[in-house]
Amino acid sequence: MSNLLEIKDLHVVYKTREEHVFALNGIHLELQKGETLGIVGETGAGKTTIALAVMQLLARTAVITSGSIQYDSQELIGASQRELQKVRGRKIAMIFQDPMTSLNPTMTVGAQVEEMVRAHDLENLSDLEIDKKVRKIFKAVEIHHRRRKEFPHNFSGGMKQRVVIAMALACSPELIIADEPTTALDVTVQSQVLRLMNDLKVKLNTSMIMITHDLGIVAKSCDRVAIMYAGEIVETGKLEEVFDKSLAHHPYTTGLFKAIPDLYSKCDRLVPIQGVASDPTDLPDGCNFSLRCNQCMDICREVDPIVNSYGNLKIKCHYLEQEYKGGNCDEQSTNRNKKT
Amino acid sequence: MSKVLIETKKLKKYFKTPYGKLHAVDGIDLIIKEGTTLGIVGESGCGKSTLARTIIRLYKPTDGQIIFDGKDISKLSEPQLKETRKDMQMIFQDPYSSINPRMSVSQLIAEPIIINNIVQGKNNINQKVSQLMETVGLASRLKNAYPHELDGGRRQRIGVARALAVNPKFIICDEPVSALDVSIQAQILNLLMDLQKQFNLTYMFITHDMSVVKHISDEIMVMHLGECVEMAKTEKIFIKPIHPYSQALLSSIPVADLKMKDKPEIVLMGEITSPIEPMPGCRFRSRCQIGFACPGLDDNKLFEVESNHFVSCRNRVFNHYNISKKRQKTIVIRSAIINGAVSNIVIEGGKVRLIVNQETEFSKDLSMFEYEGRSVKYGELDELGRVLEHTVKSEICLNEEANLLVYQQNLLEGVFIKGQWFNSEQIQYKSAIEEQKKEFKTSQYY
């Protein structure tokens, strides 16, 4: 299967007068058709920056210093607004984190979905056809079409997120980027929304990038997982393998799993990851995780590790390299000049 | 057994809105023992934070009592409260907005010490601040740092230090870790648990994250629209939740374990009932699987199904005791105290069933039933030996003093006092009992 989305060696720096924030430091990602990729990481790891870079919606202060983003063999970096307009919404749609702020409070939800349909209407549909289409979309996200005339403030959080999903689906995109779609919702509502998204994904055969900090959501809805730390992907692999505790993992992945209180077994004490998240304005030499790593060696503080394959997992770590020498070296991420 | 530190009785807090009264907290009874943690879970808008703020008296309760350390604080005035407030503190959700960005770390921690006059003199205050910073794990070099220089975890440590500054007995943690990343969240949870051991603190821990609440709590109360729907020991509620809402809540937690991927999930349909002037009865009905066919629509009182396991769903209580659907329609359940233990009484048609909890020593009561020559028999005992049956066409009311009053056609038939049956003729103080009878009719539930 060919890759729908391919990100290669993507570097993004937020440049302000006072400081340079190294948000993404060499991201490699591939996404196949119909696949769901989960991106997990802490606040400030650069998850949302990836999403915005793909949509080419980065803030003005952000500079893509190197790398490429190819969607269906079309290069998105440097594409004209007109070309991007054809991709956004129609091919790639985004669901934002906070449904309370991503809807226009002065328009009825029906009008907002309709606007989306009209904006991307290529076939010059008649009003009646557009109405039909809107009704269909509302049905797909399980909102009664009578509620089209209501304003966002009449809706609960979960229902608002449904409207946002409806808008993302309006043009049946091939790829949906969901940036923490359920973080603002309650667990019971979250499970409703996740179920709805999964159903629609299967029905429409869309690919999805699910950005989240909750490993539980990833376990529920993703096929592949990428773990991010300080602007880098430290581990990628199939869901089953990343969650398999018997395999070797990046110390950060292991730490994340240990830090979550377990629902099904009794533990007296959690094992937190020591220290605080690395400062993206002042990343350490060598491995970005070296300051918090419990397996840190001398080499980690000096040389940036390369991505190696361990089975089907791709992990970026010196410790594993020493521990399992059989790993096949993957040349793609060597020789990077990080702080340019 | 450790002593009860905080207790609320029928605590209510209503807010006025243009559309009517919003029942934010509606008749909550809870007990927190010293040195333990009560976890409160529920979705946003169910009244968790209002409950916390009412207990700490940031809101004036509409009705009900708050008993803190043996003292009713629900009607105290502001100046009287000042003393009590030293003993109860709160850690807030958002460490970004709950501390003053213009104050340095040491100023922030010194503020409550100075206001409450905990120690006098600059040196003493400084010493106390350093001591507190060490307790919560803040490096002393951060003394003059400002909040914006610190990350969320460290800011929340300031919040913890500020709460600890006045040596409180009781701390309300209102979602203290939900704004933090998992790796930092674990640090704060560990800190809170260490502090509890060190200072014998009592916590009320509010969160919507079930895995966090399981980790930290001894007891859990599940709230739904201002009411407690289930309360039990943590292990019990996680192994066997009884109320349909708790079941849905527990089943919908995403678990970071692939073995649990295919666990059955209850997805709630429908929307939440409005908390403004809600209809009487069960407030969960619009989302419940049983729906309007539920026999318990008009009844949302708490029943004790097992010792210290309270559930408000009548249907589930019936199922727990294997009562058939047909019979459920004619049944009334009441919780009451019999011989000092809380029990459920089921009144069904003409028959009265006592459902006594396992822990209750009920053999004496039983013999009394028969001994008095009334048509009281050992009923069919259920497999646990808990259900008794006798045939009295009567209604039963209870209080602590006279254990059990039996009425027939509104006339008092007799009283159980300390396990002994007295016919109405035998009772000398009839009028007093009549008065009690009126009172009991209104207070059916203890």
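Residues numbered from 1 in each chain as written. Chains lettered and ligands numbered in written order. Predicted model: local features only at pLDDT ≥ 70, side-chain atom pairs only at ≥ 80, totals over all residues. Heavy atoms only, no water.

Q: Give me the lowdown on the overall build of chain A, citing residues and values where you can.
A: Tallying secondary structure elements over chain A gives 11 helices and 13 strands in all. Within chain A, the fraction of its 340 residues that count as buried is 54%. Pairs at least 24 apart in sequence give 64% of the contacts found in chain A among residues at least 6 apart. Here chain A has roughly 15,600 Å² of accessible surface; of this, 49% comes from carbon and sulfur atoms. (Helix = DSSP H or I, 4+ residues; strand = E, 2+ residues; numbered from the N terminus. Buried < 20%, exposed > 50% of the residue type's maximum accessible area, 1.4 Å probe, protein only. Contact = heavy atoms within 4.5 Å. Areas by Shrake-Rupley, 256 points an atom, 1.4 Å probe, with all protein chains shown as cover.)

Q: A description of the overall build of chain B should follow, citing residues and the corresponding values.
A: Counting secondary structure elements, chain B contains 13 helices and 21 strands. When burial is assessed residue by residue, chain B has 55% of its 446 residues classed as buried. Residue pairs in contact within chain B that sit at least 24 positions apart in sequence constitute 58% of those at least 6 positions apart. Accessible surface for chain B amounts to roughly 20,600 Å². Of this, 50% is attributable to carbon and sulfur atoms.

Q: Which residues make up the confidence of the model for chain A, and what values go with them?
A: When pLDDT is averaged across chain A, the result is 85; 95% of the residues are at 70 or more. Note that residues 327–340 of chain A has pLDDT below 50 and, in this model, 36 contacts with residues that lie over four places away or in other chains. (pLDDT = per-residue confidence, 0-100.)

Q: Could you give an account of the environment of M197 of chain A, naming the residues involved and the relevant values?
A: All names here are of chain A. Within the secondary structure, M197 sits in helix 6 (residues 187–204). Looking at M197, the relative accessible area reads 5%, which means it is buried. Each C-alpha atom of the pair M197 and I165 lies 8.0 Å from the other, and the pair is 32 residues apart in sequence. Every residue in contact with M197, bar those within four places of it in the chain, is listed here: I95, I165, A178, P181, M208 and M210.

Q: Give a description of the packing of helix 3 (residues 105–115) of chain B against helix 5 (residues 152–164) of chain B that names residues and reports values.
A: All names here are of chain B. Running from amino to carboxyl end, helix 3 crosses helix 5 at an angle of 30°, the nearest separation of the two axes being 7 Å. The angle between helix 3 and helix 5 falls in the class roughly parallel. The two elements helix 3 and helix 5 meet at a crossing, and its hand is right-handed. For the pair helix 3 and helix 5, contact is made by V105, L108, I109, E111 and P112 and by I158, A161 and R162, respectively. (Axes fitted to C-alpha atoms, helices over the stretch in contact; angles between N-to-C directions. Parallel < 35°, antiparallel > 145°, perpendicular 65-115°, else oblique. Left-handed = near helix turned anticlockwise from the far one by under 90°.)

Q: Would you mind going over the interface of chain B and chain A in detail, with residue names and values included?
A: Taken together, the 41 residues of chain B in the interface contact 40 residues of chain A. Summed over both sides, the interface of chain B with chain A buries roughly 3,600 Å², with 58% coming from carbon and sulfur. Connecting chain B to chain A are 1 salt bridge. Where chain B meets chain A, there are 7 residue pairs in polar contact (both at pLDDT 80 or more). When contributions to the side of chain B that touches chain A are tallied by element, the ones reaching two or more residues are helix 6 (182–199), helix 7 (210–216) and helix 9 (244–251) of chain B. No other element matches the 10 residues that helix 6 of chain B contributes to the side of chain B that touches chain A. Partitioned by chemical class, the residues of the side of chain B that touches chain A number 19 nonpolar, 10 polar and 12 charged. (Buried area = accessible area lost by both parts, 1.4 Å probe. Salt bridge = Lys/Arg side-chain N within 4 Å of Asp/Glu carboxyl O. Polar contact = N/O pair within 3.5 Å; in protein donor to acceptor, adjacent residues only side chain to side chain. Nonpolar A, V, L, I, M, F, W, Y, C, P; charged D, E, K, R; others polar.)

Q: Report on the packing of aromatic side chains, specifying residues and quantitative values.
A: Taken as a whole and judged by the stated rule, the model has 7 aromatic pairs over all chains. Ring centres of Y245 of chain B and F284 of chain B lie 5.4 Å apart, and the angle between their planes is 70°; this geometry places the pair in the edge-to-face category. Placement of the pair is Y245 of chain B in helix 9 and F284 of chain B in the loop between helix 9 and strand 11 (303–306), with a sequence separation of 39 residues. The pair Y245 of chain B / F284 of chain B is uniform in exposure class, with both members buried. An aromatic cluster of three or more residues is present, and its members are Y229, Y252 and F289 of chain A. If you follow R147 of chain A out to its NZ or CZ, it ends over the ring of F155 of chain A, 4.2 Å from the centre. When the ring centre of F238 of chain B is taken as reference, the NZ or CZ atom of K214 of chain B above it lies at 5.7 Å. (Phe/Tyr/Trp six-rings, centres within 6.5 Å; stacked < 30°, edge-to-face > 60°. Lys NZ or Arg CZ within 6 Å of the ring centre and 35° of its normal.)

Q: Account for the sheet that holds strand 9 (residues 219–224) of chain B, naming residues and giving values.
A: All names here are of chain B. Here we have 8 strands laid out as an open sheet, ordered 6-7-8-3-9-10-12-11, and mixed in their pairing. Here the strands that pair on one side only, and so sit at the sheet edges, are strand 6 (88–91) and strand 11. Averaged over all neighbouring strand pairs, the angle between strand axes comes to 20°, with direction disregarded. With 4 bridges connecting them, strand 3 (residues 37–41) and strand 9 associate as parallel partners. (Pairing = 2+ DSSP bridges.)

Q: Pulling in residues and values, what's your account of the environment of V177 of chain B?
A: Residues and elements named next belong to chain B. Turning to its location among the elements, V177 is positioned in the loop between strand 7 (170–174) and helix 6. With a relative accessible area of 2%, V177 lands in the buried category. Taking the C-alpha atoms as reference, V177 lies 8.2 Å from Q156; in sequence the two are 21 residues apart. In this structure V177 touches Q185, I188, L189 and V212, once residues within four positions along its chain are discounted.

Q: Please provide a residue-by-residue account of the nonpolar core, values included.
A: Of all hydrophobic cores here, the largest spans 67 residues; its most connected members are V113, I165 and F243 of chain A. Considering every element that reaches this core, the biggest residue donor is helix 5 (residues 157–169) of chain A, with 8 residues. When residues of this core are assigned to domains, at least three fall in each of domain 1 (92–172) and domain 2 (249–333) of chain A. Beyond its immediate stretch of four places on either side in the chain, F243 of chain A contacts L215, V218, A219, V225 and F257 of chain A together with A256, D257 and L258 of chain B. Grouped together as the second largest cluster of nonpolar side chains are 42 residues, V105, I109, L180 and L192 of chain B included. (Core = buried A, V, L, I, M, F, W, Y, C linked by side-chain atoms within 4.5 Å. Domains from an automatic or database assignment.)

Q: Any chance you could break down the pairing of strand 6 (residues 92–95) of chain A for me, citing the residues and the numbers?
A: All names here are of chain A. Here strand 6 shows no split at all, with I92 and M94 on one side and A93 and I95 on the other all buried. Direction of pairing for strand 6 relative to strand 7 (residues 175–179): parallel, over a ladder of 4 bridges. Looking at the pairing, I95 lines up with A178 of strand 7.

Q: How would you sum up the sheet that holds strand 4 (residues 63–68) of chain B? Please name residues and give values.
A: All names here are of chain B. Taken in spatial order, the 4 strands make up an open sheet running 2-1-4-5, and their pairing is antiparallel. Since the sheet does not close on itself, it has two edges, and those belong to strand 2 (20–33) and strand 5 (71–72), each with one partner. Bridge analysis of strand 4 against strand 5 gives 2 bridges, and the strand direction is antiparallel. The partner of I67 across the bridge, within strand 5, is D72. The sheet contacts of helix 1 (residues 48–55) involve strand 1 (4–17), strand 2 and strand 4, and relative to strand 1 the element is tilted by about 115°.

Q: Now, about the pairing of strand 3 (residues 36–40) of chain A: what can you tell me, with residues and values included?
A: Residue and element names in this part refer to chain A. Taking burial as the measure, the 5 residues of strand 3 include 5 buried ones, the bulk of the element. Judged by which residues are buried, strand 3 turns out to be covered on both faces: T36, G38 and V40 on one side and L37 and I39 on the other are all buried. Here 5 bridges tie strand 3 to strand 8 (residues 207–212), and the two strands are oriented parallel to one another. Among the inter-strand pairings, V40 is bridged to a residue of strand 8, identified as T212. As judged from the 4 bridges shared by strand 3 and strand 9 (residues 224–229), these two strands associate in the parallel manner. The residue bridging L37 from the neighbouring strand is R224, located in strand 9.

Q: Could you give me a rundown of helix 1 of chain B, with the residues and numbers involved?
A: All names here are of chain B. For helix 1, a buried count of 6 out of 8 residues is recorded, marking the element as mostly surrounded by other parts of the structure. Within helix 1, burial applies to K48, T50, L51, A52, T54 and I55. Positive phi appears at R57, one or two residues downstream of helix 1, with a value of about 65°.

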